[in-house]
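Listed below, chain by chain, are the residues.
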Amino acid sequence: MKVPVKAEARKQIGVIGSGDCGSEVRALAERVGREIAKRGAVLLCGGLGGVMEAAACGAKKEGGITLGILPGTLREEANLWIDIAVVSGMGHARNALIAQSSDALIAVNGEYGTLSEIALGLKMGKPVVVLEPGWKIKGVHRVKNPEEAVELAFKLTEEKKSFKVSTKEKF
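Every value quoted in this text rests on a predicted model; they were computed, and no experiment measured them. In every chain, residue numbers begin from 1 and rise along the written sequence. Whole-chain, interface and lining totals are the exception, using all residues; otherwise, since this is a predicted model, local features are given only for residues with pLDDT of at least 70 and side-chain atom pairs are given and counted only at 80 or more. Hydrogen atoms and water are omitted, and side-chain values are computed over all heavy atoms in the structure.

Focus: unusual backbone geometry
Backbone geometry at asparagine 109 places phi at a positive 60°, although glycine is not the residue there. Segments assigned H or I by DSSP are reported as helices when at least four residues long, segments assigned E as strands when at least two residues long, and all are numbered from the N terminus. Structurally, asparagine 109 is set in the loop between β5 (104-108) and α4 (112-123). Using a 1.4 Å probe on the protein chains alone, a residue whose accessible area is under 20% of its type maximum counts as buried, one over 50% counts as exposed, and one in between counts as partly exposed. A relative accessible area of 36% means that asparagine 109 is categorised as partly exposed.

Below, the structure is given as structure tokens:
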């Protein structure tokens, strides 16, 4: 039996944002998802609605792979565009899994849950890209459009820079 050679792992780009969003934010998130899939990465998200659903939809339209880390215990809670649904049973604490499992995070709008993912990502040394308009937080990279967000996320993961921010930083 031939032993397979381990392939280089695909990048996993986390898309974070509100579980409820309007059409303008939805369109931005879908474009982010498309760009991630075009580059052959796995789109990782919280697996529910809003930004997560729109980004996953965009990735699937480009033939990409989507992974959702769900807050509950039922795979059926995942949006229709999720290929692999991981049930965590952790509620909002699953945000730590999303941040840790992502090579980079892209925030498209969002609320307090998104803010927690940004903070966790920075604490874990992950590159965090915020699509305008967005929070002004030390250590994040702000961009103006989805294409720039994905391009920068890939560039930062390739450079393997650490963006760890001290827990004493003020934002």
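Here we look at the sheet that holds strand β7 (residues 141-143)
Overall, parallel pairing links the 7 strands, which are arranged β4-β3-β2-β1-β5-β6-β7 in an open sheet. Every other strand in the sheet has two partners, leaving β4 (84-87) and β7 as the edge strands with one partner each. On average, adjacent strands in this sheet sit at an angle of 25° to one another, irrespective of strand direction. Bridging between strand β1 (residues 12-17) and β5 involves 5 bridges; their strand directions are parallel. Looking at the pairing, glycine 14 lines up with leucine 105 of β5. Those strands touched by helix α1 (residues 23-38) are β1, β2 (42-45), β5 and β6 (128-131), and its axis lies near 155° from that of β5. Only heavy atoms enter the contact rule, under which two residues are in contact if any of them lie within 4.5 Å. Interaxial angles span 0 to 180 degrees and are taken between N-to-C directions of axes, which are lines fitted to C-alpha atoms, for helices over the stretch in contact. Running over the sheet, helix α3 (residues 94-101) touches β1, β2, β3 (65-70) and β5 and is turned about 150° from β3. In this description, strands pair whenever DSSP reports at least two bridges between them.

Quick notes on the packing of aromatic side chains
Any Phe, Tyr or Trp ring, taking Trp's six-membered ring, that has another such ring centre within 6.5 Å forms a pair; planes under 30 degrees apart are called stacked, those over 60 apart edge-to-face, and the others tilted. Applying the stated criterion across every chain yields a total of 0 aromatic pairs. Note on geometry: a ring has a charge over it if NZ (lysine) or CZ (arginine) is within 6 Å of the ring centre and within 35 degrees of the ring normal. Lying over the aromatic face of phenylalanine 154, arginine 39 brings its terminal NZ or CZ to 5.1 Å of the ring centre.

Considerations on the nonpolar core
If you look at the biggest cluster of nonpolar residues, it comprises 33 residues, and the most contacted ones within it are Val15, Val32, Ile36, Leu43, Ile106, Val108 and Val129. Of all the elements in the fold, those that place two or more residues in this core are β1, α1, β2, α2 (51-61), β5, β6 and α5 (146-159). Within this scheme, the nonpolar core is defined by two criteria: the residues are buried Ala, Val, Leu, Ile, Met, Phe, Trp, Tyr or Cys, and they are joined through side-chain atoms within 4.5 Å. If you look at the next biggest cluster of nonpolar residues, it comprises 15 residues, including Leu44, Ile98, Leu122 and Val140.

Looking at the pattern of salt bridges
Within this document, salt bridges are pairs made up of a side-chain nitrogen of Lys or Arg and a carboxyl oxygen of Asp or Glu, the two lying within 4 Å of each other. Across all of its chains, the model carries 8 salt bridges by this definition. Residues glutamate 147 and arginine 31 are paired through a salt bridge, measuring 2.7 Å at the closest nitrogen-oxygen approach. One end of the pair, glutamate 147, is in helix α5; the other, arginine 31, is in helix α1, with 116 residues separating them in the sequence. Arginine 31 gets classed as partly exposed once you look at its relative accessible area, which sits at 35%. The salt bridge partner of glutamate 62 is arginine 34, with a shortest N-O separation of 3.0 Å. Of the two residues, glutamate 62 is situated in the loop between α2 and β3 and arginine 34 in helix α1; the sequence distance between them amounts to 28 residues. When salt bridges that share partners are traced, they join Glu30, Arg34, Lys61 and Glu62 into one network.

Observations regarding α4
A rise of 1.5 Å per residue sets the reference length of α4, with its 12 residues, at 16 Å; its end C-alpha atoms lie 16 Å apart and thus fit the reference within 8%. Looking at α4, one finds that the buried residues are Thr114, Glu117, Ile118, Gly121 and Leu122. For α4, the buried positions fall inside an angular range of 130° around the axis, keeping them on one side. Where the residues of α4 are buried, they touch β1, α3, β5 and β6. Expected span of a helix: the number of residues minus one, times 1.5 Å. Each direction from the helix axis to a C-beta atom contributes to the arc, which is the arc of those directions.

Section: the environment of asparagine 95
Mapped onto the elements of the fold, asparagine 95 is located in helix α3. Look at asparagine 95 and you get buried, because its relative accessible area is 3%. Each C-alpha atom of the pair asparagine 95 and isoleucine 69 lies 8.4 Å from the other, and the pair is 26 residues apart in sequence. In this structure asparagine 95 touches Gly113, Ser116, Glu117 and Leu120, once residues within four positions along its chain are discounted.

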